[in-house]
Amino acid sequence: MPKVRTNRTVYPEGWELIEPTLRELETKMREAENETHEGKRKCEALWPIFKISHQKSRYIYDLFYRRKAISRALFDFCLEQGHADKNLIAKWKKSGYERLCCLRCIQPRDHNFGTTCVCRVPKHLREEKVIECVHCGCHGCASGD
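Only a predicted model underlies this, so the values are computations on that prediction, with no experimental measurement involved.

### Points about the domain arrangement of the chain
How big an interface is tends to be reported as the loss of accessible area on association of its parts.
Reasoning step 1: What the domain assignment reports for the chain is domain 1 (15-93) and domain 2 (96-144).
Reasoning step 2: Taking only C-alpha atoms, the centre of domain 1 and the centre of domain 2 are 20 Å apart.
Reasoning step 3: Each partner contributes residues to the interface: domain 1 has 11 residues there, and domain 2 has 14 residues.
Reasoning step 4: Of the roughly 1000 Å² buried between domain 1 and domain 2, counting both surfaces, carbon and sulfur atoms make up 61%.
Reasoning step 5: It is Trp-47, Phe-50 and Lys-91 in domain 1 that bury the most area against domain 2; as a group they hold 51% of the surface buried on that side.
Reasoning step 6: Where domain 1 packs against domain 2, one counts one salt bridge.
Reasoning step 7: The closest approach of N and O atoms between Arg-41 and Glu-132, which form a salt bridge, is 3.8 Å.
Reasoning step 8: Our count for the domain 1 to domain 2 interface comes out at four residue pairs in polar contact (both at pLDDT 80 or more).
Reasoning step 9: Of all the secondary structure elements, the ones that give two or more residues to the side of domain 1 that touches domain 2 are α2 (47-66) and α4 (86-92).

### Structural notes on the packing of aromatic side chains
Reasoning step 1: One pass over the full model with this rule turns up eight aromatic pairs.
Reasoning step 2: When the ring of Phe-64 is compared with that of Phe-75, the centres are 4.4 Å apart and the planes differ by 10 degrees; the resulting orientation is stacked. Placement of the pair is Phe-64 in helix α2 and Phe-75 in helix α3 (residues 72-80), with a sequence separation of 11 residues. Residues Phe-64 and Phe-75 agree in their burial class; the two are buried.
Reasoning step 3: Taken together, the aromatic side chains of Tyr-61, Phe-64, Tyr-65, Phe-75 and Trp-92 make up a single cluster linked through ring pairs.
Reasoning step 4: Over the ring of Trp-92 we find Arg-58; its NZ or CZ atom is 3.9 Å from the centre of that ring.
Reasoning step 5: One cation-aromatic arrangement involves Lys-91 over Tyr-97; the distance from NZ or CZ to the ring centre is 5.0 Å.

### Some thoughts on the packing of α2 against α3
Reasoning step 1: Where α2 meets α3, the axes come as close as 10 Å, and the angle between the chain directions of the two elements is 160 degrees. On the basis of the axis angle, α2 is roughly antiparallel to α3. The hand of the α2/α3 crossing is left-handed. On α3, the residues touching Ile-60, Phe-64 and Tyr-65 of α2 are Arg-72, Phe-75 and Cys-78.
Reasoning step 2: Within the contact of α2 with α3, the residues separate by chemical class into five nonpolar, no polar and one charged.

### Digging into the state of the cysteines
Reasoning step 1: The tally for this structure, following the rule as stated, stands at zero disulfides.
Reasoning step 2: With no disulfide of its own, Cys-133 lies 3.3 Å from the sulfur of Cys-117, the closest cysteine sulfur.
Reasoning step 3: Cys-133 sits in the buried class, given a relative accessible area of 0%.
Reasoning step 4: Its sulfur unpaired, Cys-136 is 3.4 Å from the next cysteine sulfur, which belongs to Cys-101.

Cut-offs used in this document
Residues numbered from 1 in each chain as written. Predicted model: local features only at pLDDT ≥ 70, side-chain atom pairs only at ≥ 80, totals over all residues. Heavy atoms only, no water. Domains from an automatic or database assignment. Contact = heavy atoms within 4.5 Å. Buried area = accessible area lost by both parts, 1.4 Å probe. Salt bridge = Lys/Arg side-chain N within 4 Å of Asp/Glu carboxyl O. Polar contact = N/O pair within 3.5 Å; in protein donor to acceptor, adjacent residues only side chain to side chain. Helix = DSSP H or I, 4+ residues; strand = E, 2+ residues; numbered from the N terminus. Phe/Tyr/Trp six-rings, centres within 6.5 Å; stacked < 30°, edge-to-face > 60°. Buried < 20%, exposed > 50% of the residue type's maximum accessible area, 1.4 Å probe, protein only. Lys NZ or Arg CZ within 6 Å of the ring centre and 35° of its normal. Axes fitted to C-alpha atoms, helices over the stretch in contact; angles between N-to-C directions. Parallel < 35°, antiparallel > 145°, perpendicular 65-115°, else oblique. Left-handed = near helix turned anticlockwise from the far one by under 90°. Nonpolar A, V, L, I, M, F, W, Y, C, P; charged D, E, K, R; others polar. Disulfide = S-S within 2.5 Å.

Given below as structure tokens:
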């Protein structure tokens with residue numbers, strides 16, 4: 001969760017350009033957190049939260065690395081303030097992890113047989129046609145898809 005905005009915080013140049021989008025995503029996050037969990041599996045209740053967190057991190061990643069629309073100072077500020085997941089962004093920079101949905105999908109201790117999540121298997125190698133990650137609800141985040 002991002003830190004509380006105070007008057008003492010010095011915002012870098014360009015903050016006013018990305019602030020409306022981040023505020024909108026924070027509002028969506030609050031709605032997802034307050035949404036009722038009735039009729040859902042325990043893991044399904046967290047999927048919208050993972051999805052919005054992924055969107056925020058991908059938005060900041062794309063602005064800095066792909067479009068080069070924000071400065072390094074603003075990028076670092078967003079990471080420090082908790083607007084994006086710096087560990088997930090670090091994985092996105094590595095080859096083979098460009099489309100990674102969440103960090104739990106690549107941790108072998110969270111899966112059977114010490115492997116990664118089924119969503120990390122490329123589509124052409126899957127036996128099942130439709131799969132769904134238990135952790136985040138992803139339908140496939142392998143870079144080879």
